[in-house]
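As a plain string of letters, each chain reads:
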Amino acid sequence: MTDTEPAAPVRETAESIATMEIRGAATIAAAAAEALAEQAEAAAASGETASDPTAFRASMRAAGRTLRETRPTAVSLPNALRYVLQRMEGETVDELRRSVIGASDAFVRQLDRAQEDLGQVGANRLADGDTVMTHCHSTDALACIEAAVDQGKSISAVVKETRPRQQGHITAEQLRDAGVPVTLIVDSAARRYLDEVDHVVVGADSIAADGGVINKIGTSGLAVNARERGVPIMTAAQTIKLHPETLTGHTIEIEMRDESEVVDPEAREEIGEIDVENPAFDVTPPRYMDAIVTEHGQFPPESIVTLMRELFGEGAEEPWAEP
Ligand SMILES: O=C(COP(=O)(O)O)[C@H](O)[C@H](O)COP(=O)(O)O
């Protein structure tokens, strides 16, 4: 490692986030915070960063930039980096190291607690005997369903497979392990099954100031169909999913992923000269979402801006940027 090049654990975490071995907004946030703690340990142990607080700080910012550049849509990633790097303080390398490790630990603990708390709120919206429909794999959404089961409610699930990467299979396995009877369907069967469903529960990668929910591609179509069938839909999202930059008019970048996730290279050869596009996320307008469930309670999407201001003020700092 040179003094500005992040340590191996940061590079490995960044690679795992980019290739989606580590995925899902909350999991990405925890991994990023933990990688910063590992960077602090490594930087305090060797080279110029071990004796020079300025070099140490620069190496932490560089690690933040490497992690930030992996995936653009889930705001939990920059929010995690912000939380840890804003709490980096001290005159000596040892003080700086300890502050980073303390902030990283506190962040991960808060994530777990927030998920538990929002799970209770989401569970209260579900009734004994309900069938829920899910999209993609969201640990926040699963927390609601699992909490409902823990409350003694009998819940069953219709799980969308979620092309192209089929994260629905992970959801199906986890719900099965929680004792929830699961029916797995292809995405295009969702509308047909909505008549048998009492609630749609999804997660979020980001929530915009106007209450728009950014989540796995297909969420917005599901929400429109759910509204048309009269099925309530909630987003389970802890507040690290609130996107502070949208308070000042910025839009959220939708990640475009490689076409090989949609068509395998052999089939691609055969298809020849056509465009293949693979947007990973979409935006559900607030009017199609019934509630955003957070660790602070549930909110109508249009009022989420109040919570966002309270938690993030008027904007977003970038403590990983070069001074
Ligand atoms: O859209 C996805 C995952 O997309 P990908 O698989 O592309 O990362 C999830 O619904 C959110 O990230 C919320 O997940 P969680 O509730 O676990 O934060």
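Residues numbered from 1 in each chain as written. Predicted model: local features only at pLDDT ≥ 70, side-chain atom pairs only at ≥ 80, totals over all residues. Heavy atoms only, no water.

**Looking at the domain arrangement of the chain**
The cut-off we apply is this: Source of the domain bounds: an automatic or database domain assignment. Between two residues, a contact is recorded if the distance between any of their heavy atoms is within 4.5 Å. Two parts placed together each lose some accessible area under a 1.4 Å probe, and the buried area is that loss summed for both. Throughout this description, the term salt bridge denotes a Lys or Arg side-chain nitrogen within 4 Å of a carboxyl oxygen of Asp or Glu. Under the scheme used here, helices are H or I runs from DSSP no shorter than 4 residues and strands are E runs no shorter than 2 residues, and both carry numbers assigned from the N terminus.
Per the domain assignment, the segments making up the chain are domain 1 (8–115) and domain 2 (126–312). Between domain 1 and domain 2, the C-alpha centre-to-centre distance is 27 Å. In this complex, domain 1 contributes 20 residues to the contact, which on the side of domain 2 involves 30 residues. Of the roughly 1,900 Å² buried where domain 1 meets domain 2, counting both sides, 53% is carbon and sulfur surface. Our enumeration of links across domain 1 and domain 2 arrives at 2 salt bridges. The partner of R71 in a salt bridge is E255, and the shortest N-O contact between them spans 2.9 Å. Elements represented by at least two residues in the side of domain 1 that touches domain 2 include exactly helix 2 (25–45), helix 4 (76–86) and helix 5 (93–124).

**Let's talk about the UniProt feature "binding site: substrate" (unreviewed entry) in the chain**
Using the following cut-off: UniProt positions are given in the numbering used here, feature names are shortened, and annotations may be inferred rather than shown by experiment. Each cavity reported here is a set of points on a 1 Å grid over the protein atoms alone in which a 1.4 Å probe fits but cannot get out, each pocket an open set with protein on both sides within 12 Å along at least five of seven lines, and each lining residue one with an atom within 4 Å of a point.
Sites flagged by UniProt as "binding site: substrate" (unreviewed entry) map to R23, G24, A25, A26, R71, N215, K216 and K241. Maximum C-alpha separation among the annotated residues is 14.2 Å over a sequence range of 219 residues, consistent with a single clustered spot. For the largest cavity, the lining residues among the annotations just cited are R23, G24, A25, A26, R71, N215, K216 and K241. Within the element layout of this structure, G24 appears in the loop between helix 1 (8–18) and helix 2.

**Some details on helix 4**
The condition is simple: Classification of residues uses two cut-offs on accessible area relative to the type maximum, computed with a 1.4 Å probe and protein chains only: under 20% is buried, over 50% is exposed, and between them is partly exposed.
When you tally the buried positions in helix 4, you get 10 out of 11 residues, the bulk of the element. Within helix 4, burial applies to S76, L77, P78, N79, A80, L81, R82, Y83, V84 and L85. On its buried face, helix 4 sits against helix 2, helix 3 (53–68), helix 5 and helix 11 (304–312).

**A look at the pairing of strand 6 (residues 213–216)**
Quick reminder of the rule: Think of it this way: DSSP has to see at least two bridges between two strands before they count as a pair.
Examined bridge by bridge, strand 5 (residues 206–207) and strand 6 share 2 bridges and lie antiparallel to one another. Bridge pairing links I207 to V213 in strand 6. Turn length for the strand 5-strand 6 hairpin, with the two strands adjacent in sequence and antiparallel, is 5 residues, and the turn residue G211 shows positive phi of about 90 degrees. Bridge count for strand 6 against strand 8 (residues 281–284) is 4 bridges, and the pairing is antiparallel. Within strand 8, the position partnered with K216 by the bridge is F281.

**Brief notes about the confidence of the model for the chain**
Formally: Per-residue confidence from the predictor is reported as pLDDT, which spans 0 to 100.
Scored by pLDDT, the chain has a mean of 96; 99% of the residues are at 70 or more. This prediction of the complex comes with two scores: 0.96 for pTM and 0.99 for ipTM.

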